[in-house]
Protein chains: 2
Amino acid sequence: MHKLEQLLARIEPTDRNWEAKAWERLRSQIRPRGSLGELETIAARLAGIERRLSFDFGKKLIFTMAGDHGVAHEGVSAYPQEVTPQMVYSFVQGWASINVLARYVGAEVRVVDCGVASDLPADWPILHRKIGKGTSSFTEGPAMSREDAVSGLLLGAELIEKAYVVEGYQLVGTGDMGIANSTPSTAIVAVLSGKPVAQLAGRGTGIDDATLERKIAVIEKGLAVNQPDPNDPLDILSKVGGFEIAALAGALLGAAAAKSPLICDGFIATAGAMIACHLAPAAKDYLFLSHRSQEIGHATMVELLGLEPILDLKMRLGEGTGSVLAMTIVEAAAKVLMEIKTFEEAGVTDTGH
Amino acid sequence: MHKLEQLLARIEPTDRNWEAKAWERLRSQIRPRGSLGELETIAARLAGIERRLSFDFGKKLIFTMAGDHGVAHEGVSAYPQEVTPQMVYSFVQGWASINVLARYVGAEVRVVDCGVASDLPADWPILHRKIGKGTSSFTEGPAMSREDAVSGLLLGAELIEKAYVVEGYQLVGTGDMGIANSTPSTAIVAVLSGKPVAQLAGRGTGIDDATLERKIAVIEKGLAVNQPDPNDPLDILSKVGGFEIAALAGALLGAAAAKSPLICDGFIATAGAMIACHLAPAAKDYLFLSHRSQEIGHATMVELLGLEPILDLKMRLGEGTGSVLAMTIVEAAAKVLMEIKTFEEAGVTDTGH
């Protein structure tokens, strides 16, 4: 616990002076003020995060955090738990959606076994950092111990901070893999928003009406059995979260500690990011929401965070697919700030508009 | 006129069989059905356009069509007309927004003088294809002759078709430059939608309330004086359009004739695309709207076209900045179709969801 407190203590708000300097340059460029919309907001936030006006985001990395969930056995997903290791194998082979999009964008993909239920072969080129072999079903008690939740947070933070500080990655994004993990993510946003589960639970990988009803009932039972404290993010994470969700939360803490941006994937990754923002409110300054997920509860997450998602492509896949696409927009925003000339530099008539 | 009829006659709808084949593959990939949202729709449309399932969009080109407008002298813009050639010079130097974003995306930029009011130096590396030295103010009669409108259409079509068929470009997008050109674009959407000008006119480059009122009055006068026929796209284009808008319309016709996609920029380029779709309804099959512009009349264009813009980044700049960013999403969609493995190929358990 001491380590977590140390980590949280290192997280500072971004630098408003650098943000203001960025806005000054953006407003003097040869184009109407504000005409690049969200690209400008992203660029200014990057300046505040990195404490400079010039950056290189060429070296990109996606962490796909994998874990299993006891609630998968309650019949809440369209897919059986065996699909988690199968998909990890597909990531290793480079066959899956995240591999295809990461290759296109020029990002590396690192898969982390945070808590897959089955033993994964030791020779798979992933990070073998299992906290447990799947969580317990939260219908019968906490998904994991408070200690395991802290371990998951520290795991995510360690990996992301090391990527930025030691390995020289310049832009890191998150992703998830874990059959049934929209169920704990929905439980988290239900606790944090206070909204009824039925308003937040979505179809995940594509469940039918009967399964959706069961999913809602399972989450309601989990909340009733565990009574997570909305003011204690560790209580929420341990009781109704997941190992990969803990690591996804830790990812934002690690990025913030490294004074670097974190590009957050969709519903599951945002659930993690919300836990991080409750542990350290200043962490939100470092967070970029990659896209607006089709999973219905994501809209409430977006509203609570008060951040504008970069893309809205009706996606609901996870793996890091939203993050990796949004990375191109974030890098483009950085180029906008750095490379577009000012009216003065270019000798274009400036009317101040 | 004969040449235009020949061009229009060559435009056929896209191939629904290839589109269906693409959907079949997309639905068998190792991810939940539909989970990549708009990327799937884009990929399937590309298959219908290109009549194949495998494509390369590596060689990209943006055409930035430049032109001036007689209505600029009515005080409808925040910038004086001298800014058009100044910005063309910035494009030539590689200083402007479109250059920066195109460099990042790996697209070339080709600037076309379709009708800038001033003489541009012959040694500037642009395409010198002036149809006239700025249009006439539509407050006093047609902006241009019907013959000039046809010349502009054929110019755009020729350039884009040549780029695809002769020069080997694989993905072409449009952009615009022309002080005051949101005024004719608003007039076009007013005619095509039948909506009051006051509901469609926006702030363009950032005009104040008084200028916006003047802009509305100028457009209303132009419509009253010219009475463009909503059922005759050439009548609309010549009476209240512009030289670069004619070329932007022709661009879509050229892409459709070449059976290739056209990525369309924001408000001005979409005004052109709408004229093209009225000349040849099947051209819409080849059209991708790059982004949802902040210019208010764009929402009506999007609604009338019934296409989903790819990005929504609150941009309102033009030049091709929306097109070039959307190109990365279009190319990513193509990779999705081609490279993500199927359940069968990957040996992942398929539950049919």
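Note that the structure is predicted; figures quoted are calculated from it, not measured.

Undergrad: Which parts of the structure should I look at to understand the packing of aromatic side chains?
TA: The geometry of an aromatic ring pair comes down to the distance between the two centres and the angle between the two planes. Across all of its chains, the model carries 8 aromatic pairs over all chains by this definition. A network of ring pairs unites the aromatic residues Y89, W95 and W124 of chain A as a single cluster. In this arrangement the basic side chain of R45 of chain B is found over the ring face of F288 of chain B, its NZ or CZ atom lying 4.3 Å from the centre.

Undergrad: How should the pairing of strand β2 (residues 107-115) of chain B be read in this particular structure?
TA: As a general feature of sheets, a regular strand has side chains that alternate between the two faces. All names here are of chain B. Within β2, 7 of the 9 residues are buried, which leaves it mostly tucked inside the rest of the structure. Where strand β1 (residues 60-67) and β2 come together, 8 bridges link them in parallel fashion. Looking at the pairing, K60 lines up with A107 of β2.

Undergrad: Help me understand the relation of the copies chain B and chain A in this model?
TA: Turning one copy of the chain about an axis and sliding it along that axis gives the other copy, so a rotation and a shift relate them. For these two chains of identical sequence, chain B goes onto chain A by a turn of 180 degrees and a shift of 0.0 Å along the axis, with RMSD 0.0 Å. Such a combination of turn and shift is consistent with a two-fold rotation axis. For chain B, the minimum C-alpha distance to the rotation axis belongs to L311 of chain B and amounts to 3.3 Å. In this assembly the copies share their binding face: 100% of the residues contributing to the interface of chain B also contribute to that of chain A.

Undergrad: Just to check I follow, could you spell out the sheet that holds strand β6 (residues 287-289) of chain A for this structure?
TA: Backbone hydrogen bonds hold the strands of a sheet together, and the pairing may be parallel or antiparallel. Residue and element names in this part refer to chain A. As summarised here, the arrangement of the 6 strands in space is β3-β2-β1-β4-β5-β6, forming an open sheet in which the pairing is parallel. Each having just a single partner strand, β3 (127-128) and β6 make up the two edges of the open sheet. Bridge analysis of strand β1 (residues 60-67) against strand β4 (residues 171-177) gives 7 bridges, and the strand direction is parallel. Bridging across to β4, I62 finds its partner in G173.

Undergrad: What is the right way to read the packing of helix α12 (residues 267-279) of chain B against helix α13 (residues 298-305) of chain B from this model?
TA: Axis angle and axis distance: for two packed helices, these are the angle between their axes and the distance between the axes, and together they describe the pair. All names here are of chain B. Closest axis-to-axis distance for the α12/α13 pair is 10 Å, and the angle between their directions is 30 degrees. Our classification of the angle between α12 and α13 gives roughly parallel. Once α12 is placed against α13, the crossing between them reads as left-handed. For the pair formed by α12 and α13, the contact residues are F267, T270, A271, M274 and C277 on the first element and H298, M301, L304 and L305 on the second. Class assignment of the residues belonging to the contact of α12 with α13 gives a composition of 7 nonpolar, 2 polar and no charged.

Undergrad: Hey, could you run me through the interface of chain B and chain A in this one?
TA: Many structure descriptions define interface size as the accessible area lost when the parts assemble. With 56 residues of chain B at the interface, the matching set in chain A holds 56 residues. At the surface where chain B touches chain A, the tally comes to 6 salt bridges. We note a salt bridge from E339 of chain A to R103 of chain B, for which the minimum N-O separation is 3.1 Å. Taken together, chain B and chain A are joined by 22 residue pairs in polar contact (both at pLDDT 80 or more). If you list the elements that add at least two residues to the side of chain B that touches chain A, you get α3 (37-50), α4 (83-93), α5 (97-105), α14 (321-339) and α15 (343-346) of chain B. The element best represented in the side of chain B that touches chain A is α14 of chain B, accounting for 10 residues. Partitioned by chemical class, the residues of the side of chain B that touches chain A number 28 nonpolar, 14 polar and 14 charged.

Undergrad: Looking at this model, I keep getting lost on the sheet that holds β1 of chain B. Mind explaining?
TA: All names here are of chain B. The strand order across the open sheet formed by 6 strands is β3-β2-β1-β4-β5-β6, and the pairing between neighbours is parallel. The outermost strands of the open sheet, each flanked by one partner alone, are β3 (127-128) and β6 (287-289). This element, helix α6 (residues 146-165), spans β1, β2, β3, β4 (171-177) and β5 (262-264) of the sheet and lies at about 165 degrees to β1.

Undergrad: What am I meant to see in the confidence of the model for chain A here?
TA: Do not read the predicted coordinates in detail wherever pLDDT is low. Mean pLDDT over chain A stands at 97; residues scoring 70 or higher make up 100%. Across the whole predicted complex the pTM is 0.97, and at the interface the ipTM reaches 0.97.

Undergrad: Would you mind going over the pattern of salt bridges with me for this structure?
TA: Two side chains that carry opposite charge are able to pair once their charged atoms sit near each other. Scanning the entire structure with this criterion turns up 42 salt bridges over all chains. In this structure, E12 of chain A engages K259 of chain A in a salt bridge whose closest nitrogen and oxygen atoms are separated by 3.7 Å. Pair noted here: E12 of chain A is in the loop between α1 (2-9) and α2 (16-27) and K259 of chain A is in the loop between α10 (243-257) and β5 (262-264), with a separation of 247 residues, a long-range link. Assessed through its relative accessible area of 27%, K259 of chain A is described here as partly exposed. One salt bridge connects K314 of chain B with E38 of chain A, and the closest N-O pair in it is separated by 3.5 Å. With K314 of chain B in the loop between α13 and α14 and E38 of chain A in helix α3 (residues 37-50), this pair bridges two chains. We classify E38 of chain A as buried; its relative accessible area is 14%. Each member of the salt-bridge network shares a partner with another, and the members are E38, R292 and E308 of chain A together with K314 of chain B.

Calculation rules
Residues numbered from 1 in each chain as written. Chains lettered and ligands numbered in written order. Predicted model: local features only at pLDDT ≥ 70, side-chain atom pairs only at ≥ 80, totals over all residues. Heavy atoms only, no water. Phe/Tyr/Trp six-rings, centres within 6.5 Å; stacked < 30°, edge-to-face > 60°. Lys NZ or Arg CZ within 6 Å of the ring centre and 35° of its normal. Buried < 20%, exposed > 50% of the residue type's maximum accessible area, 1.4 Å probe, protein only. Helix = DSSP H or I, 4+ residues; strand = E, 2+ residues; numbered from the N terminus. Pairing = 2+ DSSP bridges. Least-squares fit on C-alpha atoms with pLDDT ≥ 70 in both. Contact = heavy atoms within 4.5 Å. Axes fitted to C-alpha atoms, helices over the stretch in contact; angles between N-to-C directions. Parallel < 35°, antiparallel > 145°, perpendicular 65-115°, else oblique. Left-handed = near helix turned anticlockwise from the far one by under 90°. Nonpolar A, V, L, I, M, F, W, Y, C, P; charged D, E, K, R; others polar. Salt bridge = Lys/Arg side-chain N within 4 Å of Asp/Glu carboxyl O. Polar contact = N/O pair within 3.5 Å; in protein donor to acceptor, adjacent residues only side chain to side chain. pLDDT = per-residue confidence, 0-100.

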